[in-house]
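Working through the structure, step by step
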Amino acid sequence: MFMVKEHAQWLLLSSSEGNSRSIANTAHILRLLMLRLRRLRNNEAFNTLLMFLRYSPYVLMVIGLKIYVLTLLVNSNSITINDNQYEDYEQKQGNQVNQQQEQHSQLSSSSTTEDPLTLEKQVVLRQLNDTIIKPSFNNRTPDTIWLFFNRIPRTGGQTLVNLLKSLSEDLDFQHQEHVYRTPWQRLMTDEEQRNLATWFEYNFWPKSYDRFSLYINFTEHRSKYVSFRPAYMTLVRDPVEKFISNFRYKRTDPERTKSEMGFRERQKPGSGRKWYWKKLEECVMKEDPECDLSPGKEDFTSSIPFLCGQEKYCLETDNQYALQRAKFNAEYEYSVIGAIEHWNETLTVLETYLPLFFNGATQRYWDKEYSNRIMNKNPKKYKEVPAPVIQKLRNKLSLEYELYEFLIQKLHKQYTTVAKNLEHTTKILSISKDKVHFSNWDRMDIEFAS
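My aim in this report is to walk through the structure given alongside it, one point at a time. Just so it is clear, the structure is predicted and the values come from calculations on it, not from any experiment.

Regarding the pattern of salt bridges
Charged atoms that come close allow side chains of opposite charge to pair. Scanning all chains against the criterion turns up 18 salt bridges. One salt bridge in this structure joins K121 and E333, with 2.9 Å as the shortest N-O distance. Of this pair, K121 sits in helix 4 (residues 116-126) while E333 sits in the loop between helix 13 (320-332) and strand 5 (334-339), and the two are 212 residues apart along the sequence. In this structure, E287 and K392 form a salt bridge, with 3.5 Å as the shortest nitrogen-oxygen distance.

Written as structure tokens, this is what we have:
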């Protein structure tokens with residue numbers, strides 16, 4: 001028994017030694033293979049072979065697809081179509097196409113007859129220089145949920161913006177003020193106009209938007225899937241009063257004064273202080289470049305460019321065609337053009353012609369708790385402007401006065417049309433009372449329900 005046990009132990013030891021030797025041999029072989037692979041990695045031919053093996057499946061797949069397409073083309077040429085099998089089908093399709101064309105022609109003819117204003121506008125535009133445009137009381141507000149307020153400088157626009165913001169909580173619309181990143185965004189490119197039209201189209205809740213911008217033809221720049229446009233409105237002011245206000249505003253507003261003086265000082269040292277102490281009388285009577293109103297000069301502050309449009313001729317002073325185009329847009333495109341000198345009439349017409357945004361505007365504006373009324377924010381007191389200066393400005397701004405009187409006549413006609421029907425102003429919630437606020441989820445529920 002003792003001899004058998006010793007023999008078994010010897011077999012176990014020998015087998016374990018053999019396993020350890022085989023493991024050691026395997027590890028040695030793996031190390032050799034790794035060394036070989038490292039050497040091959042530095043070999044360009046081996047790397048090329050690896051790249052070929054890596055991309056060969058893709059190459060084979062592309063070749064296979066090309067062969068498949070070629071076989072389809074070859075087989076398609078060998079296919080013969082029996083035209084007799086499809087004669088009835090073609091006749092049916094032809095009859096359907098003819099019916100659709102007839103229906104389309106009927107719809108187009110009916111649409112032209114149902115929209116006489118489009119034909120009238122086309123006729124007036126063809127003979128704009130020879131046409132006398134008369135103001136009317138017509139309401140040009142389209143069926144829309146958008147309002148575009150292209151503000152004209154120094155006409156009380158901020159007062160109306162504050163009123164829109166106050167009414168938006170009660171009338172459940174949203175007001176969007178433009179964020180000015182550059183000083184001159186009044187003249188826009190076609191792409192910028194299309195982007196603004198697209199921005200309106202993505203708003204599915206009533207929205208008002210104000211911006212210092214020349215007139216934009218949204219009908220021209222809207223997408224083909226949209227059939228309506230925003231309503232237009234703006235404010236105007238006596239041209240001489242607006243010119244004087246703009247001259248003084250540049251010297252009283254801190255940010256505007258700082259930028260103007262800094263720009264002039266960089267060009268010529270001392271010119272900024274000289275510009276700041278310049279007097280209006282000297283600027284007008286001596287025809288300083290700042291007060292130059294000679295024909296052909298570019299103008300970004302008068303009313304004619306803002307109502308005329310984005311064309312280059314609209315910016316030229318004393319341009320008769322620009323005046324005609326401004327009258328045309330005011331008569332055929334704008335819902336309301338108010339005036340700061342006729343503020344109560346303006347509020348009444350806005351309340352009637354644009355009720356979605358101005359319902360109850362008169363009551364809200366004259367509410368004792370409402371504080372954002374028109375006020376002169378200029379702390380300085382000025383002497384009365386001499387009569388010769390005013391007369392010279394009136395002569396230089398003769399076309400501006402022609403447009404201003406045209407707009408005042410239109411506003412008065414609109415007011416007399418609606419004033420007799422307004423015994424009382426429309427009642428809305430007072431500022432002090434609780435107001436109903438809608439969350440985004442409430443808005444979505446209302447939209448989907450409708």
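Focus on the sheet that holds strand 4 (residues 231-236)
Within the open sheet, the 5 strands sit side by side as 2-3-1-4-5. Their pairing is parallel. Two strands in the sheet have a free side with no partner beyond their single neighbour: strand 2 (174-177) and strand 5. Going across the sheet, the axis of each strand differs from the next one's by a mean of 20°, ignoring polarity. In terms of strand pairing, strand 1 (residues 146-150) meets strand 4 through 3 bridges, oriented parallel. When the bridges of strand 4 are listed, F149 appears paired with M233. Taken strand by strand, helix 5 (residues 157-171) contacts strand 1, strand 2, strand 3 (207-211) and strand 4, and its axis lies near 145° from that of strand 2.

Regarding helix 8 (residues 239-249)
By the criterion of burial, helix 8 is predominantly enclosed, with 9 of the 11 residues buried. Inspection of helix 8 places P239, V240, K242, F243, I244, S245, N246, F247 and R248 among the buried residues, and these make up the whole buried set. Buried positions along helix 8 lie against helix 11 (280-285), helix 12 (303-308), helix 17 (387-396) and helix 18 (398-419). Where helix 8 starts, the residue carrying a side-chain oxygen 3.2 Å from the main-chain nitrogen of V240 turns out to be D238.

Considerations on the nonpolar core
Of all hydrophobic cores here, the largest spans 64 residues; its most connected members are L160 and F358. Ranked by the residues each element gives to this core, the list is headed by helix 18, at 8 residues. The contact partners of F358, leaving out residues within four places of it in the chain, are L147, L160, L164, L167, L171, L350 and E351.

Brief notes about the state of the cysteines
Going through the model one piece at a time under the given rule, you end up with 2 disulfides. With a sulfur-sulfur separation of 1.9 Å, C283 is cross-linked through a disulfide to C291. One quick way to see it: the torsion about the S-S bond of C283 and C291 is about 110°, and its sign makes the bridge right-handed. There is no split in this pair, since C283 and C291 are both buried. The side chain of C308 participates in a disulfide bridge whose partner is C314; the two sulfur atoms lie 2.0 Å from each other. When the S-S torsion is -55°, as for the bridge of C308 with C314, the disulfide is left-handed. Exposure remark for C308: the relative accessible area of 2% places this residue in the buried category. For C314, a relative accessible area of 0% corresponds to the buried category. When the cysteines engaged in disulfides are numbered in sequence order, the protein chain pairs them as 1-2, 3-4.

Rules of the game
Residues numbered from 1 in each chain as written. Predicted model: local features only at pLDDT ≥ 70, side-chain atom pairs only at ≥ 80, totals over all residues. Heavy atoms only, no water. Salt bridge = Lys/Arg side-chain N within 4 Å of Asp/Glu carboxyl O. Helix = DSSP H or I, 4+ residues; strand = E, 2+ residues; numbered from the N terminus. Pairing = 2+ DSSP bridges. Axes fitted to C-alpha atoms, helices over the stretch in contact; angles between N-to-C directions. Contact = heavy atoms within 4.5 Å. Buried < 20%, exposed > 50% of the residue type's maximum accessible area, 1.4 Å probe, protein only. Polar contact = N/O pair within 3.5 Å; in protein donor to acceptor, adjacent residues only side chain to side chain. Core = buried A, V, L, I, M, F, W, Y, C linked by side-chain atoms within 4.5 Å. Disulfide = S-S within 2.5 Å.

Function-wise, these values are silent; they only describe arrangement.
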